[in-house]
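In case you want the letters, here they are:
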Amino acid sequence: MRKKILFILVGFLALTFVSCSVSYKFNMSSIDYTKVKTIQIADFPIRSSYVWGPMGPMFNNRLKEQFADHTKLSQVRRNGDLKIEGEITNYTQKNKSVSAEGYSAQTELAITVTVRFTNNTNHQEDFEKTFTATSSYETTQSLASVQEQLVTEMVKDLCDQIFNATVANW
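Figured I'd write up the structure that's included with this text. (Residues numbered from 1 in each chain as written. Predicted model: local features only at pLDDT ≥ 70, side-chain atom pairs only at ≥ 80, totals over all residues. Heavy atoms only, no water.)

**Things to note about unusual backbone geometry**
- You will see that Asn-79, though not glycine, has its phi angle at about 60°, which is positive.
- Among the secondary structure elements, Asn-79 is positioned in the loop between strand S2 (74-75) and strand S3 (82-98). (Helix = DSSP H or I, 4+ residues; strand = E, 2+ residues; numbered from the N terminus.)

Right, dumping it as structure tokens:
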């Protein structure tokens, strides 16, 4: 009986230790704060032919908040150790699925951004990449009724992708 209790206790402690270390890792960025102290995040203009007005400010504010909330970097207007710039290049909707009657059943909304990242302390990490987020809604709903919620979700997804590609390194 003692061996069984000891085995369970050791297993519980091992599980607790492992889960805590994994959780801690995923919440951290991999920034060397001895070298990198500042970040410059430019506003992303909308270069898409189809535009929803609030999307630009939503994206720009969320991206800056993401780095303010999850790093110790000071945001500066120029000469940052890290620099993020780009543009919102596409905002589209297309039919995603068709009903049995031959009509569109779901519509997919997508936002695409191009990001140019410069690490002035290590230029080997510089890149230019395109990131896309999508979300679907039932065609029985109007875009106007779901647009704010869907764009908010996609902006969060895009900012997470950009954060992970620039400073999370995993």
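**A few points about helix H2 (residues 55-70)**
- Given a rise of 1.5 Å per residue, 16 residues ought to cover 22 Å, and the 22 Å separating the end C-alpha atoms of H2 matches this to within 8%.
- The complete set of buried residues in H2 reads Met-55, Gly-56, Phe-59, Asn-60, Leu-63, Gln-66 and Phe-67. Here the buried residues of H2 occupy an arc of 135° about the axis, which is enough to place them on one side.
- Looking at the buried positions of H2, the neighbouring elements they touch are strand S1 (38-41), S2, S3, strand S4 (104-119) and helix H3 (143-168). (Expected span 1.5 Å × (residues − 1). Buried < 20%, exposed > 50% of the residue type's maximum accessible area, 1.4 Å probe, protein only. Arc of directions from axis to C-beta. Contact = heavy atoms within 4.5 Å.)

**Considering the sheet that holds strand S5 (residues 127-138)**
- One open sheet holds the five strands; their spatial order is S2-S1-S3-S4-S5, and the pairing between them is mixed. The open sheet has two edge strands, S2 and S5, and neither has a second partner.
- Two elements, S1 and S3, share three bridges in a ladder whose sense is parallel. Residue Ile-39 lies in a different strand from S3, and its bridge partner there is Leu-82.
- Relative to the sheet, H2 contacts S1, S2, S3 and S4, its axis offset from that of S3 by approximately 125°.
- Sheet strands in contact with H3 are S3, S4 and S5, and its direction is about 150° off that of S5. (Pairing = 2+ DSSP bridges. Axes fitted to C-alpha atoms, helices over the stretch in contact; angles between N-to-C directions.)

**Observations concerning the pairing of S4**
- Taking burial as the measure, the 16 residues of S4 include twelve buried ones, the bulk of the element.
- In this structure, S3 lies alongside S4, joined through 15 bridges in antiparallel fashion. Pairing of Lys-94 across the sheet is with Glu-108, part of S4.
- Judged from the twelve bridges that link them, S4 and S5 form a sheet pairing that is antiparallel. Across the sheet, Thr-114 pairs through a bridge with Thr-130, a residue of S5.

Just distances and angles here, no functional claims.
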